[in-house]
Amino acid sequence: MAVEIEHKFLLANDGWREHVHHSVVYRQGYLSSEAHTSIRVRISDEHAWLNIKSAVVGTHRQEYEYEIPLADADEIISQLCRKPLIEKTRHLVLDDGNLWEIDEFAGENQGLCVAEIELSAIGQTFRKPAWLGAEVTDDLRYYNNNLVAHPYSQWYYKD
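What counts, and where the lines are drawn
Residues numbered from 1 in each chain as written. Predicted model: local features only at pLDDT ≥ 70, side-chain atom pairs only at ≥ 80, totals over all residues. Heavy atoms only, no water. Phe/Tyr/Trp six-rings, centres within 6.5 Å; stacked < 30°, edge-to-face > 60°. Helix = DSSP H or I, 4+ residues; strand = E, 2+ residues; numbered from the N terminus. Buried < 20%, exposed > 50% of the residue type's maximum accessible area, 1.4 Å probe, protein only. Salt bridge = Lys/Arg side-chain N within 4 Å of Asp/Glu carboxyl O. Pairing = 2+ DSSP bridges. 1 Å grid on protein atoms, 1.4 Å probe; cavity = no way out; pocket = protein on both sides within 12 Å on 5 of 7 lines; lining within 4 Å. Points joined across faces, edges and corners; volume = space filled by probe spheres on them. Nonpolar A, V, L, I, M, F, W, Y, C, P; charged D, E, K, R; others polar.

Trainee: When you look at the packing of aromatic side chains in this model, what are you seeing that I'm missing?
Mentor: To describe a pair of aromatic rings, one takes the distance between the centres and the angle between the planes. According to the stated counting rule, one finds 6 aromatic pairs in the structure shown. Seen from their ring centres, Trp100 and Trp131 are 5.7 Å apart, and the 80 degrees between their planes marks the pair as edge-to-face. Taken as a pair, Trp100 in strand S7 (residues 98-105) and Trp131 in the loop between strand S8 (113-119) and strand S9 (132-135) lie far apart in primary sequence, 31 residues in all. Since its relative accessible area comes to 5%, Trp131 is described here as buried. A ring pair is formed by Tyr142 and Trp155, whose centres lie 5.2 Å apart and whose planes are at 80 degrees; its orientation type is edge-to-face. You can see Tyr142 sitting in the loop between S9 and helix H2 (144-149) and its partner Trp155 sitting in the segment after H2, a full 13 residues away along the chain.

Trainee: Mind showing me how you'd approach the pattern of salt bridges here?
Mentor: Side chains bearing opposite charge may pair, as long as their charged atoms lie close to each other. Under the defined criterion, the tally for this structure stands at 14 salt bridges. Of the charged contacts in the structure, one is a salt bridge between Lys53 and Glu63, with a shortest N-O distance of 3.9 Å. With Lys53 in strand S4 (residues 47-54) and Glu63 in strand S5 (residues 60-68), the pair connects residues that are 10 residues apart, well separated along the chain. Taking relative accessible area as the criterion, Lys53 reaches 13% and is therefore assigned buried.

Trainee: What should I look at first to understand the pairing of S5 in this one?
Mentor: Looking down a regular strand, the side chains alternate between one sheet face and the other. Relative to S5, strand S1 (residues 3-11) runs antiparallel, the two being bridged by 3 bridges. Paired with Glu4 across the two strands is Arg61, which belongs to S5. Bridge analysis of S4 against S5 gives 6 bridges, and the strand direction is antiparallel. Across the sheet, Asn51 pairs through a bridge with Glu65, a residue of S5.

Trainee: I would appreciate a short explanation of the layout of surface pockets in the present structure.
Mentor: A water-sized probe, rolled over the atoms, reveals where empty space remains. Volume-wise, the largest pocket comes out at about 440 Å³. Together, 32 residues line the largest pocket, and Tyr30, Lys53, Arg61, Tyr143 and Asn145 are the ones closest to its centre. Grouping the amino acids of the lining of the largest pocket by side-chain chemistry returns 8 nonpolar, 7 polar and 17 charged.

Read these as geometric descriptors, not functional statements.
Listed below in structure tokens is the structure:
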């Protein structure tokens, strides 16, 4: 079984920007987002993936990902996925031997930035960089599949 172990955080400041070593633009749509699972299609550059995740809030969940033909992904996203799409730039930052993925959202979620760290074991410790803000791992609002139904631009109260 494939398991993703991840923590999500807001950002306290822009100090991370000077440490970005690579950035990737993603466009993704959700085919399904149910109580127990989410199914999405993601495109980046000339690559595309189908992703199936158990839809649970917390630090770990099942995740399966498969590369699919780009033309199929374009068609699925434009014709079958719920709108709005998730548009974001993922910035990769190395800090203290850890890889941080900082998602800077665009479109309907413009203004939202979330940092994520994927770990190899449940309970693994890691150093929190000075630019890291509050942990939102257990806050459903910050999950991509929820941002389709409730885009950041429509939130009344923003952290």
